[in-house]
Amino acid sequence: MLKSINPATNKLIKEYSEYSNDKLQRIISDLSYEFLDWRLQTFKTRKNLLLEISNKLKSNIDEHSRMISIEMGKPITESKAEILKSIWVIEYYAKNAEKFLEKEFIDTEYSESYVQFEPLGVILGIMPWNFPYWQVFRFISPALMAGNVCLLKHAPNVSGCAMLIENLFKDSAFKGVFKNIYVDVSSIPEIISDKNIKAISFTGGEVGGSNVAMLAGKEIKKTVLELGGSDSFIVLNDANIDLASKAAVTARFLNAGQSCIAAKRFLVHEDVYDDFVLKSKHLISNLVIGDPLKKETQIGPLSKIEFAEKIDYIVQNSINKGAVCLVGGKRDGAYYYPTLLVDVDESMQVFNCETFGPVFCVMKIKDFNHAIEIANNSEYGLGGSVWSEDLNVAKNVANQIETGSVYINDFMKSDPRMPFGGVKKSGYGLELSKYGIREFINMKSIVVK
């Protein structure tokens, strides 16, 4: 049985029976059969399906938002924002997919030379709990518009979200193009090895991503991996500290810090360090912790008690090594109080691992070269942020950071219009924009003499 437990109350919401191997094989086989028809449908037909899903989400935002909040603890205002962002990505691909997948004609000595984009088949998505709608729709929206069909293996603790997402398709003319499955992680090797599974999109931790990549590599199947991050938020000496500190607190504490692209390492120039810390401390101290279903709540529980216990271990370990805790540093069940650590250095676990929780750690830097050196001293490379009034300097820093994205004078975020992905142990492949839709397709060259 897969259990969905409310982290705010530690009470069972619902249990979901795992699918048998026979049922799982039937679902995959049925999806493969549906693909034969779906791949032939026009972009207009595919667009209409996505817009139908979008309209259903719009008409039931409260229901879907509430499920996010009770299953993984996200404050309800953030849950609603996640649904709205999911609608954005659905409509973005509904509008733009045909343009992104137009034939590309190449000038050669032949009478015709062009590249056409064809779907692959059944794409398996293995998705995490921290953004249970957004992660799914940023995967399935481009995949479906490209003519693929999708199989979702969601995180067990958000099985209710997975159920509601599948329900969106049930009354549609093409309800068979998306299926959710309730299975344990132990079933993944068998699913990946199924001949009807053509590619895999995985979002999660580096250990899980490595395992998926090995399994898929054995079967010679395409993968896109979006893994962990330990993003640097660099504040140079000419930065607007009022704006930078407000953005920093938002960037760190959104979703209680449970985000791959959350700013996690704050590298602040020594000339503005004290001012930045003072302003950040004030903002962090006033964050509202509470029931995720209440509108005023800004920090809800972490999605599981054991995650809060892990964060507390990392914090206390860093304090023992010399970090100073100015705010927070304590746990109450699955809740972890927003925490500010200063005098942090590279030897501390809070600084060199992916701290997936509401912990804000600050390190002093001498200049932008020092910032680049520290930012690149990481196993991860997902995103980053640079703050400076001198845009030439900021761009110079951004150009030298080993990461998938850098935002200048704003915090890192994912946007349907921009490609999203990482380097190093943050994964490979891209999602979003025109580049993301081209990950799970066959780029076929046609040459006519």
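Structure: above.
Residues numbered from 1 in each chain as written. Predicted model: local features only at pLDDT ≥ 70, side-chain atom pairs only at ≥ 80, totals over all residues. Heavy atoms only, no water.

A.B. asks: What is the right way to look at the overall build of the protein in this model?
C.D. replies: In terms of regular secondary structure, the protein is built from 15 helices and 22 strands. A globule of 449 residues ought to have a C-alpha radius of gyration of about 22 Å, and the protein, at 23 Å, matches this closely. Summarising its shape, the C-alpha atoms of the protein cover approximately 65 × 60 × 40 Å along the three principal directions. Classification of the 449 residues of the protein by burial places 57% in the buried group. Taking the contacts inside the protein whose residues are at least 6 apart along the sequence as the reference set, 70% of them involve residues at least 24 apart. Within the structure as shown, the protein displays about 19100 Å² of accessible surface, and the carbon and sulfur contribution to it stands at 50%. (Helix = DSSP H or I, 4+ residues; strand = E, 2+ residues; numbered from the N terminus. Rg over C-alpha atoms; globule rule 2.2 N^0.38 Å. Buried < 20%, exposed > 50% of the residue type's maximum accessible area, 1.4 Å probe, protein only. Contact = heavy atoms within 4.5 Å. Areas by Shrake-Rupley, 256 points an atom, 1.4 Å probe, with all protein chains shown as cover.)

A.B. asks: Sorry, what's going on with the nonpolar core here?
C.D. replies: Nonpolar side chains in soluble globular proteins tend to end up buried together. Membership of the largest hydrophobic core comes to 88 residues, with the highest contact counts inside it found for Tyr-133, Phe-137, Ile-140, Leu-151, Phe-169 and Ile-191. By residue number, the principal contributor to this core is helix α4 (residues 76-100), which donates 9 residues. Dropping the residues within four chain positions of it, Ile-191 is found in contact with Leu-24, Ile-28, Leu-124, Leu-151, Ile-181, Val-183 and Ile-197. Core analysis: the next-biggest nonpolar cluster, separate from the first, contains 56 residues, Ala-323, Val-342, Cys-353 and Met-363 among them. (Core = buried A, V, L, I, M, F, W, Y, C linked by side-chain atoms within 4.5 Å.)

A.B. asks: Teacher, can you tell me more about unusual backbone geometry here?
C.D. replies: The backbone of Asn-255 shows a phi angle near 60°, a positive value even though the residue is not glycine. Along the chain, the position of Asn-255 falls in the loop between α9 (241-253) and β11 (263-269). Note on Asn-255: relative accessible area 1%, which makes it buried. In this structure, Ser-433 is a non-glycine residue whose phi angle is positive, near 60°.

A.B. asks: Hey, could you run me through the sheet that holds strand β22 (residues 441-448) in this one?
C.D. replies: Strand-to-strand pairing in sheets goes through backbone hydrogen bonds, with the strands running parallel or antiparallel. Ordered in space as β3-β4-β22, the 3 strands form an open sheet in which the pairing is antiparallel. Of all strands in the sheet, those bounded by a partner on one side alone are β3 (104-105) and β22. Strand direction decides the pairing type here: β3 and strand β4 (residues 112-119), joined by 2 bridges, are antiparallel. What sits directly across from Phe-105, in β4, is Tyr-114. (Pairing = 2+ DSSP bridges.)

A.B. asks: What is the right way to look at the pattern of salt bridges in this model?
C.D. replies: When charged atoms on two side chains of opposite charge get close, those side chains can pair. Within the structure shown, the criterion is met by 18 salt bridges. One salt bridge connects Lys-279 with Asp-242, and the closest N-O pair in it is separated by 3.7 Å. Taken as a pair, Lys-279 in helix α10 (residues 273-285) and Asp-242 in helix α9 lie far apart in primary sequence, 37 residues in all. The exposure class of Lys-279 is partly exposed, given its relative accessible area of 26%. Where Lys-279 meets Asp-275, a salt bridge forms, and the shortest distance between an N and an O atom there is 2.6 Å. Remark: Asp-275 and Lys-279 occur in helix α10; sequence separation between them is 4 residues, near one turn of the helix. A relative accessible area of 33% places Asp-275 in the partly exposed class. (Salt bridge = Lys/Arg side-chain N within 4 Å of Asp/Glu carboxyl O.)

A.B. asks: Would you explain a positive patch on the surface in this entry?
C.D. replies: A surface patch of like charges, here positive, comprises Lys-44, Lys-47, Lys-95 and Lys-99. Of all the elements in the fold, those that place two or more residues in the positive patch are α2 (43-59) and α4. With respect to the helices and strands, Lys-95 occurs in helix α4. (Patch = residues over 30% accessible without salt bridge, like charges linked within 9 Å, V, L, I, M, F, W, Y side chains within 5 Å. Lys, Arg positive; Asp, Glu negative; His and termini not counted. Charge placed at Lys NZ, Arg CZ, Asp CG, Glu CD.)

A.B. asks: Is there a simple way to think about the sheet that holds strand β8 (residues 197-203) in this case?
C.D. replies: Here 6 strands make up an open sheet; going across it, the order is β7-β6-β5-β8-β9-β21 and the pairing mixed. The sheet is open, and its two edges are formed by β7 (178-181) and β21 (427-428), each paired on a single side. Where strand β5 (residues 122-126) meets strand β6 (residues 149-153), 5 bridges bridge the pair, whose relative direction is parallel. For Ile-126, the partnering residue across the bridge sits in β6 and is Lys-153. Across the sheet, helix α6 (residues 159-167) lies against β6 and β7, angled at about 160° from β7, the strand it touches most. (Axes fitted to C-alpha atoms, helices over the stretch in contact; angles between N-to-C directions.)

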